[in-house]
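Chain and residue survey
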Amino acid sequence: MSNFIDEKGYEVSSLLQSINVSRIEALSIACLLNGCELSSQDIENVTGLRQPEVSVAMRPLCERGWVGEKNEKRTKCRGRPAKYYSLNMDFAEILTEYESDILKENEKRLEVVKSLRNLVD
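Residues numbered from 1 in each chain as written. Predicted model: local features only at pLDDT ≥ 70, side-chain atom pairs only at ≥ 80, totals over all residues. Heavy atoms only, no water.

A few points about the sheet that holds strand β2 (residues 67–72)
In a beta sheet, neighbouring strands pair by backbone hydrogen bonds and run either parallel or antiparallel. Applicable threshold: A pair of strands is considered paired only if DSSP assigns at least 2 bridges between the two. Under the scheme used here, helices are H or I runs from DSSP no shorter than 4 residues and strands are E runs no shorter than 2 residues, and both carry numbers assigned from the N terminus. Here a residue-residue contact requires only that any non-hydrogen atoms of the pair lie within 4.5 Å. Angular values range over 0 to 180 degrees, each being the angle between N-to-C directions of two axes fitted as lines to C-alpha atoms, with helices fitted over their stretch in contact.
In space, the three strands of this open sheet follow the order β1-β3-β2, with antiparallel pairing throughout. With partners counted over all chains shown, the strands left at the sheet margins are β1 (38–39) and β2, one partner each. Packing against the sheet, helix α4 (residues 51–63) makes contact with β2 and β3 (82–87), and its axis sits at approximately 125° to β2.

Some points on unusual backbone geometry
If you check the backbone angles, asparagine 20 has positive phi at about 70° while not being a glycine. Among the structural elements, asparagine 20 can be located in the loop between α1 (7–18) and α2 (23–32).

Quick notes on α4
Our working definition: In this scheme, a helix's expected span is set at 1.5 Å multiplied by one less than its residue total. The classification of residues rests on relative accessible area computed with a 1.4 Å probe and restricted to protein chains. Under 20% of the type maximum is buried, over 50% is exposed, and intermediate values are partly exposed. Think of it as the arc spanned by the lines of direction from the helix axis to the C-beta atoms.
The end-to-end C-alpha separation of α4 is 19 Å, in line with the 18 Å expected for 13 residues at 1.5 Å each. Among the residues making up α4, those that are buried are Glu53, Val54, Ala57, Met58 and Leu61. Axial view of α4: buried residues confined to an arc of 120°, hence all on one face. Remark: glycine 65 follows α4 within two positions and exhibits a positive phi of approximately 80°.

Notes on the state of the cysteines
To be explicit about the condition: The disulfide criterion is simple: two cysteine sulfur atoms within 2.5 Å.
One pass over the structure, following the stated rule, counts zero disulfides. As a non-bridged cysteine, cysteine 62 has cysteine 31 as the owner of its nearest cysteine sulfur, 14 Å distant.

Some words on the pattern of salt bridges
Stated precisely, the cut-off is as follows: Salt bridge criterion: a side-chain nitrogen from Lys or Arg within 4 Å of a carboxyl oxygen from Asp or Glu.
Within this structure, the stated rule accounts for nine salt bridges. Measuring nitrogen to oxygen at the nearest pair gives 3.7 Å for the salt bridge that ties lysine 83 to glutamate 69. Taken as a pair, lysine 83 in strand β3 and glutamate 69 in strand β2 lie far apart in primary sequence, 14 residues in all. For lysine 83, a relative accessible area of 33% corresponds to the partly exposed category. Note that glutamate 72 is salt-bridged to lysine 70, the shortest N-O span being 3.3 Å. For glutamate 72, a relative accessible area of 33% translates into the label partly exposed. The class of lysine 70 is partly exposed, set by a relative accessible area of 34%. A cluster of three or more residues bridged by salt bridges with shared partners is formed by Arg23, Arg50 and Glu53.

Quick word on the nonpolar core
Convention followed: We call a set of buried residues a nonpolar core when its members are Ala, Val, Leu, Ile, Met, Phe, Trp, Tyr or Cys and they connect through side-chain atoms within 4.5 Å of each other.
Within the largest apolar cluster, 27 residues are counted, with the highest numbers of intra-cluster contacts made by Ile43 and Met58. Elements represented by at least two residues in this core include exactly α1, α2, α3 (40–47), α4 and α5 (91–120).

So, α5
Inclusion rule: The definition of a polar contact used here is a pair of N or O atoms within 3.5 Å, where within protein one atom must be able to donate a hydrogen and the other to accept one, and adjacent residues in sequence count solely through side-chain atom pairs.
With 30 residues, α5 should reach 44 Å at 1.5 Å per residue; the first-to-last C-alpha distance of 44 Å fits that figure. Every buried residue of α5 is accounted for by Phe91, Ile94 and Tyr98. Next to the buried residues of α5 lie α1, α2 and β3. Capping the start of α5 is the job of one residue whose side-chain oxygen sits 3.2 Å from the backbone nitrogen of alanine 92: aspartate 90.

Overview of the packing of α1 against α2
Stated precisely, the cut-off is as follows: If you view the pair so one helix is near and one far, a crossing is left-handed when the near helix is turned anticlockwise from the far one by less than a right angle, and right-handed when it is turned clockwise. Residues are grouped as follows: Ala, Val, Leu, Ile, Met, Phe, Trp, Tyr, Cys and Pro are nonpolar; Asp, Glu, Lys and Arg are charged; every other residue, Gly included, is polar.
Between α1 and α2, the least distance of the axes is 8 Å, while the angle of their chain directions is 145°. Taken as a pair, α1 and α2 cross one another with a handedness that is right-handed. Every residue of α2 that contacts α1 at Gly9, Tyr10, Val12, Ser13, Leu16 and Gln17 is listed here: Arg23, Ala26, Leu27, Ile29 and Ala30. Residue classes in the contact of α1 with α2 are distributed as seven nonpolar, three polar and one charged.

Geometric values such as these leave the question of function open.
Right under this line is the structure:
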């Protein structure tokens, strides 16, 4: 299972966290970087996340359209279907969206600084 995330994947996760991506989202994205479709259980085993954490991480990633989710009935098991996840877009496109978000946030901060300057001048 550990082949789904390697040293590069952990570095990607760490760098994503440094731009304020949550730990669970960063690990989940890094886990899916190799292009494989992984089950929720695969992601749990590779990252050390618990099942509820994987679900929490995947929700916003799916909402943004970055990750696709597929349910498959379990053949021999009872209970809920297994969930499978895969990246829906190239990682470079995801980075472009993060970049855009960061630029927008920095523009807002600069506007606050300008407002503060105007107040004290």
